[in-house]
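# Fold and contact review
Spelled out, the chains give:
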Amino acid sequence: YLKDFGPSPESNPASTIQWQKKTFDAPKKIRNPYPAGNDQPETHMIMMNWLVNDRPLTPVEEITVTILDHLLMGTSSSILYKTLMESGLGESITGGGLMSELMQGTFSAGLKGVKPEDSDKVEELIMSTLQKVVEEGFTEDAIAASMNTIEFDMREFNTGSFPKGLSLMLGSMREWIYDRSPTDALRFEEPLAELKKSISESGSKVFQDMVKEFLLENTHRSTLEMFPSKTLEEEQLQEEKDRLAKIKESMSEEELQKIIDTTTELKKLQAAEDAPEARATIPSLELSDLKREVTEYPIAVSENEADTGVTVVRHELGSTSGIAYANLAVDVSGVATEDIPLLPLFTRMMLETGAGEYDSVALSRRIGTHTGGVSASALIAGVEVEGGTEGAVTSGEHFVTKLLITGKATSDKTDELFSIFDLILRDANLDAKSKIIEILKQAKSQKESTVQGSGHATSNARIRSRYNVVGYINEKMTGLSSLDVVKDLLDQAENDFPALLARLENIRNTILEKSTCRDGMILDLTGDAAVFEKIQPSVENFLSKLPGDTNAEKLQDFYSEPHPWVKEIKEEMAANAPIADEGFIVPTQVSYVGKGGRLYDVDESVSGSTAVVSRFLGTGYMWDNIRVIGGAYGGFCQFNPRDGVFSFLSYRDPNLAGSIDVYDGAADALLASAADMENDPDALTTAIIGAIADMDGALSPDQKGSAQFKRWLTRESPEQRQKYRDEVLNTTPADFKAFAERLKALKDPSSAVVSSKAAFEDAAKAGKEFTLKNVM
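Residues numbered from 1 in each chain as written. Predicted model: local features only at pLDDT ≥ 70, side-chain atom pairs only at ≥ 80, totals over all residues. Heavy atoms only, no water.

### Considering the sheet that holds strand 8 (residues 323-331)
The line we're drawing: Strand pairing is assigned whenever DSSP identifies at least 2 bridges connecting the two strands. To qualify as a helix, a DSSP run of H or I must reach at least 4 residues; to qualify as a strand, a run of E must reach at least 2; elements of each kind are numbered from the N terminus. Convention adopted: a line fitted to C-alpha atoms gives each axis, helices being fitted over their contacting stretch, and angles between N-to-C directions are expressed from 0 to 180 degrees. Contact criterion: two residues are considered in contact whenever any of their non-hydrogen atoms come within 4.5 Å of each other.
Here six strands make up an open sheet; going across it, the order is 6-7-11-8-10-9 and the pairing mixed. Lying at the two open borders of the sheet, with one neighbouring strand each, are strand 6 (300-302) and strand 9 (374-382). Pairwise comparison of adjacent strand axes, ignoring direction, gives a mean angle of 20° for this sheet. Along the sheet, helix 5 (residues 140-156) makes contact with strand 8 and strand 10 (399-410), crossing strand 10 at roughly 95°.

Written out as structure tokens, the structure reads:
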């Protein structure tokens, strides 16, 4: 690929990135409008921004500013973050703190949802908070928590499913592209030791001096104020139409025809397939290079361990670098269906409102000082039905529901980790009105941003909520419906807090019901042999102290009986989730277009070949027609073998009606591809390899344990996993044809689109009608 390129010394001076000096004699203020819907409140967004450095930072300064960023903005208890959120001046944080990926760092902080009369107060609050930091410094426990958090992350180097080698390369490129040493950015031992020495000698002075130099006394900063305009979107559209009309009027017939001809030629090139001989020049794997056996990870299940009534699941790996990964799963099936949407709020409160003798700040610092992080979430997972056909589409009536507390710590700190688990499970402070209102305001703002910025996820969740109980519950907790839930909860918190508190307390009392809770408890552990040996006394102590009777009553069998939520949820679905084409209006210049339906019916077996075909559609037909030709940022499709639902999606799409036409043409295009593959085995091989690549991504130790735990929890057998993999590897053109025929006959199709009012009006003219709802 690079054989035609040689040295170019003359290019180097022009390509060198120059340092931008701090030139502002005084801070700047900028005001700009943002598009707002008619129902959107008249609130502003305020963000302060600094150019941090106009000289190279030393390795010690780089690690210091990273930890300083955590002290200021890293957690909900960090001083600047906490002060802004508790001020009541806005609804949520904007600005991500330090951005250090470029040659020169920037720092940003501010608030969304600010009343116009409070705009100046936000800047004043940020500056006074920084002044306080300079004068008073940070406490020892705040520094210890941030130091441990950052050091744990650096030593663990957990890149998740992202390849570690690629992560190392990108880390080195951050310095290398600016003609600096590619390895300096990867070394942290010496600068970290030097920073620790400095802290031991002078406490927080190193951080105070940095705040003073880089932020407080740095005049090279700007304050951006965004104010709402209910006419901006219409004005921008009209301005674009007028500008294009003016350009067209200035062109001759010959010039216009040339544009038409060029566009036609471009579309031909975009739609054309690469020639086989061109594809053959790219190095590729063969099917024989792929591992045919599915990868299994270690698992050992101990039911009623040590007569505690709790099931313990262990995953003993070769090495976890002295780190223990733990999940405590607690059954929540007894929670009333009307309180299911409160679970996301409940899990946030477990970590953000304090617990027992610890206020929110002290709890956050204890977690940061002694662990690598603790989180809490709700887990709802469909399961294989006892006596059913494994690998077939389920009815959606059988699933497990857990409150999942997740954490990690070095093996000598697991006592602390388990103590924190127990503390937040039993004694999280639920009577925290002001904090709950703060959390709900922030959640409302974040969900509104998600609808505008990640509308494809909103559309996908909405589509899936119409066909399956689990999909409906997930959408109600995290999708578009959850925005209405959060608004209702905020109103209740502000106007009838005792009623909300009673609901939250009832959730905790229900999941910790003495007579049953231990039967639904699972402790999932991942570590190596040395870790397991060292932490066993901590495990035994933790299990003995958990709430509930050791001889707990048995919960229902979720693998053979429908979940207790099913009946009422189905009644809700009948009223609230009809099969319909819905459009959600937000202020935006792009669309997020989703369409889906039932590809497989309940009890139909799903072949692993579906993974190959759906991926082929997404990376081929959808990429070419939605992204390359259509101009969207992304076009893809998703198929879930458990519920049989297939969906098309687009991301930041300039089209709406046209994209739905593309979706409707997918089946015919797939039939044509199936016919072509009969004479082009290389194309089929490429599709299979791509599907296997999705299945065989690199996993970190905690992900390996988590993957095997969920396999066990959902009762997915190794034999079924191997059968599915074999079907992927043995995919044929006939499988493509069968998938296309199903797609042609997609059952109960429906759409969910996030877009602007103008885009829906244009779609209606093209014959695409939607039931519309104003979201913002």
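### Section: the pattern of salt bridges
To keep it simple, the criterion reads: Salt bridges are defined as contacts in which a side-chain nitrogen from Lys or Arg sits within 4 Å of a carboxyl oxygen from Asp or Glu. Only protein chains enter the accessibility calculation, which uses a 1.4 Å probe; a residue whose area is less than 20% of its type maximum is buried, one above 50% is exposed, and one in between is partly exposed.
Overall, the coordinates contain 53 salt bridges when judged by the stated rule. Close ionic contact of Arg426 with Asp422 constitutes a salt bridge, the shortest N to O distance being 2.9 Å. Residue Arg426 and its partner Asp422 are both found in helix 14 (residues 414-427); the two are separated by four residues, about one turn of the helix. Since its relative accessible area comes to 29%, Arg426 is described here as partly exposed. Owing to a relative accessible area of 19%, Asp422 belongs among the buried residues under this scheme. Ionic pairing is found between Lys476 and Glu572, a salt bridge with its closest N-O pair at 2.7 Å.

### Section: the environment of His398
Looking at the secondary structure, you find His398 in the loop between strand 9 and strand 10. Other than its neighbours up to four places away in sequence, His398 contacts Gly382, Val383, Val385, Phe558, Tyr559, Ser560, Glu561 and Pro562.

### What to know about a nonpolar patch on the surface
For clarity, the cut-off: Every patch collects residues that have over 30% relative accessible area and no salt bridge, joining them within 9 Å if they carry like charges and within 5 Å if they are nonpolar side chains (Val, Leu, Ile, Met, Phe, Trp, Tyr). All accessibility values rest on the Shrake-Rupley procedure with a 1.4 Å probe; residue burial counts only the protein chains present in the view.
On the surface, Phe162, Leu166, Met169, Leu170, Met173, Trp176 and Ile177 cluster together into a nonpolar patch covering about 650 Å² of accessible area. Mapped onto the elements, Leu170 comes out in helix 6 (residues 164-176).

### Some thoughts on the side chain of Glu475
Residue position: Glu475 is located in helix 17 (residues 469-478). Excluding residues that lie within four positions of it along the chain, Glu475 makes contacts with Ala461, Arg462, Ser465, Leu480, Ser481 and Ser482.

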